[in-house]
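Listed here are the chains, written in short residue letters.
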Amino acid sequence: LLQALAASLPLDGVLLILHGAMMSQDTPDATGEVLARVRALVGPEVPVVGTLDLHANVTERMVREASALIGYHTAPHVDMYEAGQKAAQVLVGAIRGKLMPTAVLVRLPMLLPPENSTHSWGPLAQVIDQALALEKDGVILHGGVYPVQPWMDTPDVALSVVVITDRAPESAQ
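Report follows, based on the coordinates. Quantities reported herein were computed from a predicted structural model and do not represent experimental measurements.

Calculation notes
Residues numbered from 1 in each chain as written. Predicted model: local features only at pLDDT ≥ 70, side-chain atom pairs only at ≥ 80, totals over all residues. Heavy atoms only, no water. Helix = DSSP H or I, 4+ residues; strand = E, 2+ residues; numbered from the N terminus. Rg over C-alpha atoms; globule rule 2.2 N^0.38 Å. Buried < 20%, exposed > 50% of the residue type's maximum accessible area, 1.4 Å probe, protein only. Contact = heavy atoms within 4.5 Å. Areas by Shrake-Rupley, 256 points an atom, 1.4 Å probe, with all protein chains shown as cover. Pairing = 2+ DSSP bridges. Axes fitted to C-alpha atoms, helices over the stretch in contact; angles between N-to-C directions. 1 Å grid on protein atoms, 1.4 Å probe; cavity = no way out; pocket = protein on both sides within 12 Å on 5 of 7 lines; lining within 4 Å. Points joined across faces, edges and corners; volume = space filled by probe spheres on them. Nonpolar A, V, L, I, M, F, W, Y, C, P; charged D, E, K, R; others polar. Patch = residues over 30% accessible without salt bridge, like charges linked within 9 Å, V, L, I, M, F, W, Y side chains within 5 Å. Salt bridge = Lys/Arg side-chain N within 4 Å of Asp/Glu carboxyl O. Core = buried A, V, L, I, M, F, W, Y, C linked by side-chain atoms within 4.5 Å. Lys, Arg positive; Asp, Glu negative; His and termini not counted.

Comments concerning the overall build of the chain
Right, so step 1: When helices and strands are counted, the chain shows 6 helices and 6 strands.
Right, so step 2: The order of helices and strands in the chain, counted from the N terminus, is α-β-α-β-α-β-α-β-α-β-β-α.
Right, so step 3: Relative to the compact-globule value of 16 Å for 173 residues, the chain shows a C-alpha radius of gyration of 15 Å, a close match.
Right, so step 4: The 173 residues of the chain split such that 50% are buried.
Right, so step 5: Excluding contacts between residues fewer than 6 apart, the proportion of contacts in the chain whose partners are at least 24 apart in sequence is 66%.
Right, so step 6: Carbon together with sulfur atoms contributes 57% to the accessible area of the chain, which is approximately 9000 Å² in total.

Some points on the sheet that holds strand E1 (residues 14-17)
The pairing of strands in a sheet happens through backbone hydrogen bonds and is either parallel or antiparallel.
Right, so step 1: The 3 strands are arranged E1-E2-E3 in an open sheet whose pairing can be described as parallel. Single-partner strands in this sheet number two, and they are E1 and strand E3 (68-71). Averaged over all adjacent pairs, the angle separating strand axes in this sheet is 20 degrees, with direction ignored.
Right, so step 2: Of the strand pairs in this sheet, E1 and strand E2 (residues 48-52) are connected by 4 bridges, and their pairing is parallel. Note on E2: the bridge partner recorded for Val14 is Val48.

Some details on empty space enclosed by the protein
Right, so step 1: Counting across every chain of the model gives 1 cavity of 30 Å³ or more.
Right, so step 2: If you go around the largest cavity, the residues you meet are Gly20, Ala21, Met22, Pro28, Asp29, Ala30, Thr31, Asn57, Thr59, Met62, Met152 and Asp156.
Right, so step 3: By residue class, the composition of the lining of the largest cavity is 6 nonpolar, 4 polar and 2 charged.

Structural notes on a nonpolar patch on the surface
Right, so step 1: Taken together, Val106, Leu108 and Met110 make up a surface patch of nonpolar side chains, about 210 Å² in accessible area.
Right, so step 2: Within the secondary structure, Met110 sits in the loop between strand E4 (101-108) and helix H5 (122-136).

A few points about the nonpolar core
Right, so step 1: Of all hydrophobic cores here, the largest spans 35 residues; its most connected members are Val14, Leu35, Leu52, Val58 and Leu69.
Right, so step 2: Ranked by residues supplied to this core, first place goes to helix H4 (residues 80-95) with 4 residues.
Right, so step 3: In this structure, Leu69 is in contact with Leu35, Gly50, Leu52, Val58, Met62, Val63, His142, Tyr146 and Ile164, ignoring residues within four places of it in sequence.

Focus: the side chain of Thr154
Right, so step 1: In this fold, Thr154 is placed in the loop between strand E5 (142-146) and strand E6 (159-166).
Right, so step 2: Overall, the relative accessible area of 11% leaves Thr154 in the buried class.
Right, so step 3: Non-local contacts of Thr154, meaning those with residues more than four positions away in its chain, are made with Met23, Pro28 and Asn57.

Section: the pairing of E5
On a regular strand, each side chain points to the face opposite its neighbour's, so the side chains alternate between the two faces of the sheet.
Right, so step 1: Within E5, 5 of the 5 residues are buried, leaving the element largely enclosed by the surrounding structure.
Right, so step 2: Side-chain alternation along E5 places His142, Gly144 and Tyr146 on one buried face and Gly143 and Val145 on a second face that is also buried.
Right, so step 3: Sheet analysis places E5 next to E6, joined by 5 bridges and oriented antiparallel. Paired with Gly143 across the strands is Val163, a residue of E6.

Points about the side chain of Arg39
Right, so step 1: Tracing the backbone shows Arg39 in helix H2 (residues 30-42).
Right, so step 2: The buried charged residue Arg39 lacks any salt bridge partner; its closest oppositely charged side chain belongs to Glu65, at an N-O distance of 4.6 Å.
Right, so step 3: Beyond its immediate sequence surroundings of up to four residues, Arg39 is in contact with Pro44, Val46, Val48, Glu65, Ala66 and Ser67.

Any functional reading would require information beyond the geometric quantities listed.
Structural data, given as structure tokens:
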């Protein structure tokens with residue numbers, strides 16, 4: 001990945017299709033490491049947008065290194081196309097200077113059983129529906145709710161919410 005990016009420099013922006021729950025023996029935050037290396041290569045001014053699985057373990061490092069992270073809203077994952085489309089829209093908006101994505105991460109010290117991690121019923125579905133309503137109303141660019149892979153063997157695992165706004169971190173919070 002880094003070799004292909006380096007061969008393509010300079011870049012206007014980078015869109016990464018990530019999972020967010022990748023594990024590595026070398027680092028407890030493999031996705032954060034990927035984003036950090038991409039950021040180091042392309043520089044701080046180039047927008048870097050990534051997509052994430054609903055079960056991503058979103059870390060502070062991931063949010064800090066990416067311009068925006070756009071997650072799936074569904075489990076089973078039937079909105080991957082829509083997530084990619086939203087990520088591309090945010091990236092193009094940032095490249096053109098029409099958007100300045102700002103992100104706020106809140107990590108909750110809890111793990112949900114996988115059978116309660118669906119978008120179609122239950123408390124998680126209600127939270128996802130609230131995020132979708134805020135997106136539809138234009139209050140936020142994206143509201144990602146990540147119930148995480150509960151069986152990840154890392155000390156830094158938690159359910160998280162990432163809200164992306166255009167120049168409005170106080171609204172995201």
